[in-house]
Every structure is written in C-alpha cells, then in structure tokens.
Amino acid sequence: MLVSVDRAETRVALLEGGGAPAPRKASAKGAGAKRARAQAGYRVAELYIERRGQRSIVGNIYKGKVDNVLPGLEAAFVDIGLEKNGFLHVDEIVLPGVETPRRGRGGGGRKITDLLKPGQEIVVQVVKDPLKTKGARLSMELTIAGRYMVYAPTGEGVGVSRRLEDKERERLRRQTSKLDIGGGGVIIRTASHGAKREDFERELKYLHKLHEVLEKRVADTPAPGLVFQEADLSVRVVRDIFSAHFERAIVDDEQQYHRLVSFFTRTAPELVERVELWTEEEPLFEAYSVDKAIEGVLSRRVDLPSGGYLIIDYAEALTVIDVNSGSFIGRGKGAGLEDTITRTNLEAAEEVVNQLRLRDIGGIIVIDFIDMARARNRDAVMKVLRKTLDEDRTKTFTAEISKLGLVEMTRQNVTEGVREIMTRECPTCDGEGVIRSEETIAIEFERKLRDVAAENPDAEAFLVQINPRVTAQFTGNGSRVLHALEAETGKSFLFEGSEGLALDHFAITFTGTREEVEERALPFRQGDEVLVEIVEPHMYDVDDAVAKVDGYIISIAGAAPNVGEKRMIRIDQVGRTAASALLLDEAGEVVAAQPRSSSRRQRQPAGGTRTGSRGRRRAASADREDSEARAEAGLAESSASLEEEPDQPGSNGSAAGAEENAGEDAVQSKPRRRGRRGGRRRSAAKAKAAD
C-alpha cells in the first residue's frame, strides 16, 4: 500500500503481486533496494484520490430535517445542510419502538407518510456520495466503523463477514460469543482475520465511547448539521483494508506516517513495523510506476497482452466495455478462428475486472465479448470472469453470457471514481464527444451573413469576427464561396478573429464603407516588422516558407531553410486574408533570396533581381488570380479564354503562389490550394458541364 500526501490531495494505491507476502528483510534499505521491490512484479490494483474540500461524505452522520415526503416514490428528501437534499428510501427508515419491515417494491409494511412528516428532525448517515445530478443516499440505520468490527446502535446480534473462510468465521464466532455488546449489534469485519477476544473487547469499548459522544452532539446540534465525520482517506483505507496480507504500507509524508503508526499502535500493534516512511528524492508514485497507471485510467483504450484491446465508454445509465481482437491473429499453425477469439476473450475477462477495480467503475456494466460459437468456450470465459471478480471487495452481480457474447453485470457505486475526480465535462462539446464541423458552421454563417446584408441595406461592407478555421471555408479555393456571397448580396465581407475564439463564435464588429472596413480588418500594414514563427515550407515555391498569425497567412520569401525558427520579417504586400513578407537578419536588413532553379531564372528579366521585380510580378498576377477565381465561380467574365489552362508550364499565372499576390483580394487563401498551382484547373465551361 502506497500513501502519497501533498497540499492539494491525498492518493492511495494498492499494488498486487502473485503468491504470499514476502518476508521482511532488515538489510533491504536504500534507494536501490526499494526500487528493486517496486519493480518486483507488482501491478496497480486499486487507486483512491481525495482532494481538499472534496472529501467523500460516505459514513458522515447528520442531524437533518425532512424537507419533502413523496408517497409515489416511497421516499423522502432530507435537508442535511448540503447543496442538494439527501434521498431516504422507506426501507432505510429506522425509528425507536416502531416496527418497519422492509417493503421492497409493491410489498407490505407501513406507508412512508405514517413514518415521516415534513419538518421532522431525524439522524441519518450517508451511504452513497452525491453523484452527478443526484443527492446523497441516506439511511437511518447508523453504523460506527472500527478496525475489527462495525457497531450498529440500532442493530442486534453478532454477524461475521462472509468474505472470510468458513473455518475462520467459526473461530471468530467463538471469540465473540458472550461478548458484552451493551445494546445494538456488531458486524465482524474481514480485517479481523486472526484477531483475539481481547482485541474485540478493547475496540468495543472505544466504539461505545464514540456512540456516547455522537448522542451528545445530536442533542446539542441544531438541524441541519454535521454531528460525526468519517476519517480521512489514508486512515480509512488503512483501517478497512490493510492487514497481514500486505507486505508494507509506505508513506511519503512524515505527519501522516506518525498518524498511521499511532493508529496501528492502538488497534493492531503487530502491524506497526510494516509502516515505512519514504525518504528518497524520487517521488513515491513515480518509483512504483503509479503515475503511469493514473494516466492510463483516463484513456478509452486498454491493450491486452496478445494484441487485442478493450474500449471503455461511459454513458449516463451504464458503462460499455467492447472487446476487440486487434492485431492478434492466433498462434501456431493449428490455431483457428474460434481459438483466437476465445484466447482474446479470456485475456479480456481478467483485464475487465482489473479495470473495474482500478477505475472504480460502478452501476450497470455491459461487456461485449467477441462472439463465440461453442458453449464450452463461453462457459470458460464466464468462469475466468467470476474467479477474477472474487478478488474485488466491492459487491457485484453477474448475469450469464448471451449467445451474442454480451455479459450484463452490476457493481456497487458508492463514491466517485478516479476518472470523475480528475476530469470535468468538456466545455466545447458538453460531454457529447463531437462538435459541428467547420464546414457546417460556415454554411450556417453564410445564411446569417445574407440576413445581415438584408437587414443593413445602407452598409457597404461588414467586418465579421469568427474563428480562422471557419474563415478558411470562405477564403479557400480562390475565395469562391466569399465571391459568390458578395455577388449575391452586393456587400463586402472581411474577417477577423483568433484561434482562441469558439468555433461557433459569430459577431459583426464593424460596418461602413469598404475602405473603412479594410482599414480595420487588415492586421498588418506594409512595412511593419513582426516576429513570427515560420511553421512550414511553401507548397508551390520551394524557396519560400509560411508563417501563421491567428489564421492569417504570411508567405516569406527565401525562408524555406528557416522553417521551425522564430524570425523578424518585414511585411511587403497585404491582402484580406494573407500577406507576403521579406526575411530580415539580426541587423534588420532584408536577407537576399537565394537563386531559384534554372527554369525559374530563365523566366526572370535579364539583369533584374528577384526582390526588385517581385512586386511587379505579384501585382500583375493578382488581378489575373482574382478574375480567374470569379470566372470559375461563374460570377464574371475572365480575361483568359474559357479553354485556356493558365496553370500549364509557361503561363504567366504560374510565377508565384496566389497567397503572394497584391491587389484587392491579394494573397487571400491558404497556401494549401491544390489545383491552383502545380496542377490542372478546370475552366468555367468545364465546371458547368460537370455540374
């Protein structure tokens, strides 16, 4: 057992290994010996996490006030001072001097309206933490837990845990016979294995004193209020679980170490020497690989040794575990499909139980094993599943496997599991796991923009604030969608926004003339010097590279060797959604671009430099780029003939990428525009014919 304590939370991990507990060796000291023990075939079996301000309230006793009685549910809601009222079923009602036989559904017994009234003060104990939208589950049958026994003031007789072997149960019955209970009843716990009569007598006196203190607090505390608080996580787990079957309990906090030593000195002196203080520099959970197990708890996929895997999905009403063969294709020449499936299912049966314990999954659980044709194979899988479940201390019920390979089972759900404690619902999808695509949102926004244009007939242009990934749906493929929308509405639309915006964010931030909106929309001005990260090579110009600022594309001349670096650039040409820039050195001077390939140099004017002629080429190709895009969208007459293929080698339009152009719609699309450069583009006539 490992106990890790820090400021924010307490974590407890139970590690299991095969065979009996190893004998303690006095010489096994130091980091090397401890690391050797940490790697000695142990696996993390159970995890418990408790955070400050979010302690489990199971076991707490409250003086509450009945808020509402619901005969239709045979239950009452009780105000115990928490955010939500607790739920008290009629079968959990215990009143002094009143016979209340368990009713069950549709059974006999007294009605709840005869037992409780609104405003009545009662003492209740929490038996199940508030989970999701439900309040705490309550009971009026109080219990006070010790190490060896549980004292029930309203119970009677002596009961012994069924988890003990029959021989040990008989011995404990003899040890506790004629025990002076002094009213009420006791349950002998599993941890009492090997305990003697004097141990029970000592603990019973302690529990009686606690009960006296409890009665006094009930009398003095106004309702609603807390009258008894259960121990914290480390003491609770050690009290309920730690026994001679554990080799040791290792604690990394000195104060908590002394608390546990004091607890065992009073309750089980023979276990004091099994408590150790971790003094190494390496964190305790890291040394025993518990941190990796915690990370794995958050994953849907769990791999099996043979190559198969489990997929664990959590739903509102149940948890579904799907078994898949994965990469396992059987072993040996004689292995058939049924043998492969059965082997995968046998491995999955063990791992499913391991995951139920590790993640503390409760409620209804459906396991979808791979279909098996033979009944004996299904029986073998169920045998392994039930045998592995015997190691689980939590109550479970398992139905038979169906012909489809489905197993339905239930597991008691008392507190939140590790996954629920460590995570929260996704604020983007609200726990659904999917969101609307950029294309879907863009189509919706296109409808909104039509409505905005109709509602503002006097406005010439609009500045629209949306996520850049949605903007790309309008400006991609030569801005065809945007041009079509502007032609239809007679308005101009410019975009702004950052990746930090929600994908479905939509706002009109400015309206006015086109010049006014453009002045506000452009993130940079010609001549601005900006520090950017060069993220990827240019798709069409091998010497150039691309930087992105909140979705705004900047093509940088001659920056291909600098991909992955942060460099200063000078903005050369600015477009609506993209710009071109020149690379600067440490002195702030423009870095001369390296010569391009010979085929490109032959197309350059004699005696001209790349930087000197680049602006003229951009300006010349910008108008052509825009007109061609409009022609392909069927919006305007293109200056090129309908059958012309300007992207073929030797055409004027292939000198630079569209994102490097200047002009009204200069550099308006992302560099990844397949079909615009380096490939054939259909003409408007061919596009209409295809439609």
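Residue positions are given per chain, counted from 1 along the sequence in the order it is written. With pLDDT at 70 or above as the cut-off, local features in this predicted model cover only qualifying residues; side-chain atom pairs require 80 or more to be listed or tallied, and sums for whole chains, interfaces and linings still use all residues. Values reported for side chains reflect all heavy atoms of the structure, with hydrogen atoms and water molecules removed beforehand.

**A look at the sheet that holds strand β17 (residues 309-314)**
The pairing criterion for strands is at least two bridges between them, as found by DSSP. Here a strand is any run of E in DSSP of at least two residues, a helix any run of H or I of at least four, and the numbering for each starts at the N terminus. Strand order in this open sheet of six strands is β16-β17-β18-β19-β21-β20, and the pairing throughout is mixed. Sheet topology places β16 (301-303) and β20 (396-398) at the edges, where each strand pairs with a single neighbour. Averaged over all neighbouring strand pairs, the angle between strand axes comes to 20°, with direction disregarded. Where β17 and strand β18 (residues 318-324) come together, six bridges link them in antiparallel fashion. Following the sheet pairing, Leu-310 is matched in β18 by Val-323. Axes, fitted as lines to C-alpha atoms, cover a helix only where it is in contact. Angles between the N-to-C directions of the axes lie from 0 to 180 degrees.

**A few points about the side chain of Thr-471**
Examined against the element boundaries, Thr-471 turns out to sit in helix α13 (residues 468-489). Throughout this description, buried means an accessible area under 20% of the type-specific maximum (1.4 Å probe, protein chains only), exposed means over 50%, and partly exposed covers the range between. Overall, Thr-471 belongs to the buried group, its relative accessible area being 10%.

**With respect to the sheet that holds strand β10 (residues 149-152)**
With mixed pairing, four strands are arranged side by side in an open sheet as β9-β10-β12-β11. Two strands bound the open sheet, and with one partner strand each, they are β9 (144-145) and β11 (157-160). Bridge analysis of β11 against strand β12 (residues 185-188) gives four bridges, and the strand direction is parallel. Looking at the pairing, Val-158 lines up with Val-186 of β12. Running at roughly 155° to β11, helix α3 (residues 166-176) makes contact with β11 and β12 of the sheet. A contact between two residues is defined here by any heavy atoms of the two lying within 4.5 Å. Contacts from helix α4 (residues 197-220) reach β9, β10 and β12 within the one sheet, and its direction differs from that of β10 by about 40°.

**Regarding the confidence of the model for the chain**
In this model, the chain carries a mean pLDDT of 81, and residues with pLDDT of at least 70 account for 80%. Confidence of the predictor in every single residue is expressed as pLDDT, which spans 0 to 100. Averaged pLDDT values over the elements of the chain bottom out at 40 in helix α15 (residues 598-603) and peak at 95 in helix α12 (residues 438-455). For residues 597-623, every residue scores under 50 in pLDDT, and the model assigns this stretch 31 contacts once sequence neighbours within four places are set aside. Long-range and interchain partners of residues 628-691, a stretch whose pLDDT sits below 50, account for 150 contacts in this model, where long-range means more than four residues apart.

**Some details on the nonpolar core**
In terms of nonpolar packing, the biggest core is built from 43 residues, with Met-1, Met-149, Phe-200, Leu-214, Phe-242 and Phe-264 touching the most fellow members. By convention a nonpolar core is built from buried Ala, Val, Leu, Ile, Met, Phe, Trp, Tyr and Cys residues, the set being connected through side-chain atoms within 4.5 Å. Counting residues in hydrophobic clusters, the runner-up holds 25 residues, among them Leu-304, Ile-312, Ile-341 and Leu-385.

**A word on the pattern of salt bridges**
Salt bridges are defined by distance alone: a side-chain nitrogen of Lys or Arg within 4 Å of a carboxyl oxygen of Asp or Glu. All chains considered together, the criterion is met by 38 salt bridges. A salt bridge links Arg-357 to Glu-391; the shortest N-O distance between them is 3.7 Å. Placement of the pair is Arg-357 in helix α9 (residues 337-359) and Glu-391 in the loop between α10 (375-389) and β20, with a sequence separation of 34 residues. A residue is classified by how much of its surface remains accessible, and Arg-357, at 4% relative accessible area, is buried. We classify Glu-391 as partly exposed; its relative accessible area is 43%. We note a salt bridge from Glu-400 to Arg-386, for which the minimum N-O separation is 3.1 Å. A residue pair is termed long-range when its members are at least 10 positions apart, and Glu-400 in the loop between β20 and β21 (406-411) and Arg-386 in helix α10 qualify at 14 residues. With relative accessibility at 53%, the residue Glu-400 sits in the exposed group. Accessibility expressed as a relative area gives 31% for Arg-386, which makes it partly exposed. What emerges from the salt-bridge pattern is a single network uniting Glu-16, Arg-43, Glu-46, Arg-357, Glu-391 and Arg-393.

**Side note on the packing of aromatic side chains**
Stacked, tilted and edge-to-face are the three classes applied to pairs of Phe, Tyr and Trp rings, where Trp contributes its six-membered ring and a pair requires centres within 6.5 Å; stacked means planes under 30 degrees apart, edge-to-face means over 60, and tilted covers the rest. Considering all chains together, one arrives at ten aromatic pairs under this definition. Geometrically, the ring pair formed by Phe-263 and Phe-264 is edge-to-face, given 5.6 Å between the ring centres and 65° between the ring planes. A single burial state applies to Phe-263 and to Phe-264, both of which are buried. Taken together, the ring pairs connect Phe-242, Phe-246, Phe-263 and Phe-264 into an aromatic cluster. Look at NZ for Lys and CZ for Arg. If either is within 6 Å of the ring centre and within 35 degrees of the ring normal, a charge sits over the ring. Taking NZ or CZ as reference, Arg-266 lies 4.6 Å from the ring centre of Tyr-206, over its face. Sitting above the plane of the Tyr-314 ring, Arg-419 keeps its charged end 3.7 Å from the centroid.

**Focus on the pairing of strand β6 (residues 86-89)**
As paired strands, strand β5 (residues 75-79) and β6 are joined by four bridges and run antiparallel to one another. Residue Ala-75 lies in a different strand from β6, and its bridge partner there is His-89. The hairpin turn running from β5 into β6, its antiparallel successor, is six residues long, and Gly-81 in that turn takes a positive phi close to 90°. By the bridge criterion, two bridges tie β6 to strand β8 (residues 137-139) in an arrangement that is parallel. Across the sheet, Phe-87 pairs through a bridge with Arg-137, a residue of β8.

**Focus: the environment of Val-227**
With respect to the helices, strands and loops of the structure, Val-227 is situated in strand β13 (residues 225-228). With relative accessibility at 3%, the residue Val-227 sits in the buried group. Sequence spacing of Val-227 and Lys-63 is 164 residues, and the spatial spacing of their C-alpha atoms is 6.6 Å. With sequence-adjacent residues up to four places away left out, Val-227 is seen in contact with Ile-61, Tyr-62, Lys-63, Leu-214, Arg-217, Val-218 and Thr-221.

**Some words on the environment of Gln-255**
Tracing the sequence through the fold places Gln-255 in helix α6 (residues 254-267). By relative accessible area, Gln-255 is classed as exposed at 61%. Separated by 250 residues in sequence, Gln-255 and Val-5 have C-alpha atoms that sit 9.5 Å apart.

**Quick notes on the packing of α9 against α10**
For any two helices packed against each other, one specifies the inter-axial angle together with the distance between the axes. Two elements in contact, α9 and α10, have axes whose closest approach is 8 Å; the angle formed by their N-to-C orientations is 15°. Looking at the two axes, α9 sits roughly parallel to α10. For the pair α9 and α10, the sense of crossing is right-handed. Between α9 and α10, the residues in contact are Glu-338, Thr-342, Asn-345, Leu-346, Ala-349, Glu-350, Val-353 and Asn-354 and Asn-377, Ala-380, Val-381, Val-384, Leu-385, Thr-388 and Leu-389, respectively. Residues are grouped as follows: nonpolar covers Ala, Val, Leu, Ile, Met, Phe, Trp, Tyr, Cys and Pro; charged covers Asp, Glu, Lys and Arg; every other residue, Gly included, is treated as polar. Among the residues forming the contact of α9 with α10, the class breakdown is eight nonpolar, five polar and two charged. Angles are sorted into four bins: roughly parallel if under 35 degrees, roughly antiparallel if over 145, roughly perpendicular if 65 to 115, and oblique for all others. Note on convention: the crossing is left-handed when the near helix lies turned anticlockwise from the far helix by less than a right angle, right-handed when the turn is clockwise.

**Notes on α4**
Its 24 residues give α4 an end-to-end C-alpha distance of 35 Å, which sits within 8% of 34 Å, the value for a rise of 1.5 Å per residue. Listed as buried for α4 are Asp-199, Phe-200, Glu-203, Leu-204, Leu-207, His-211, Leu-214 and Val-218. Working rule for helices: expected span equals 1.5 Å times residues minus one.

**Examining a positive patch on the surface**
A contiguous patch of positive charge, built from Lys-128, Lys-132, Lys-134 and Arg-137, is present on the exposed surface. Topologically, Lys-132 is positioned in the loop between β7 (121-128) and β8. For patch building, the residue pool is restricted to those with more than 30% relative accessible area and no salt bridge; the joining distance is 9 Å between like charges and 5 Å between nonpolar side chains (Val, Leu, Ile, Met, Phe, Trp, Tyr). Only the protein chains shown count as cover for residues, with accessible areas throughout obtained via the Shrake-Rupley method and a probe of 1.4 Å. This count recognises Lys and Arg as positive and Asp and Glu as negative, with His and chain-terminal groups excluded. By convention, the point assigned to a charge is CZ for Arg, NZ for Lys, CD for Glu and CG for Asp.

**Re unusual backbone geometry**
Put simply, Ala-223 and Pro-224 share a cis peptide bond, and its omega is -5°. With respect to the helices and strands, Pro-224 occurs in the loop between α4 and β13. Even without glycine at this site, Asp-430 takes up a positive phi of about 55°. Of note, Asp-430 is situated in the loop between α11 (418-422) and α12. The backbone of Asn-477 sits at a positive phi, close to 55°, despite the residue not being glycine. Within the element layout of this structure, Asn-477 appears in helix α13.

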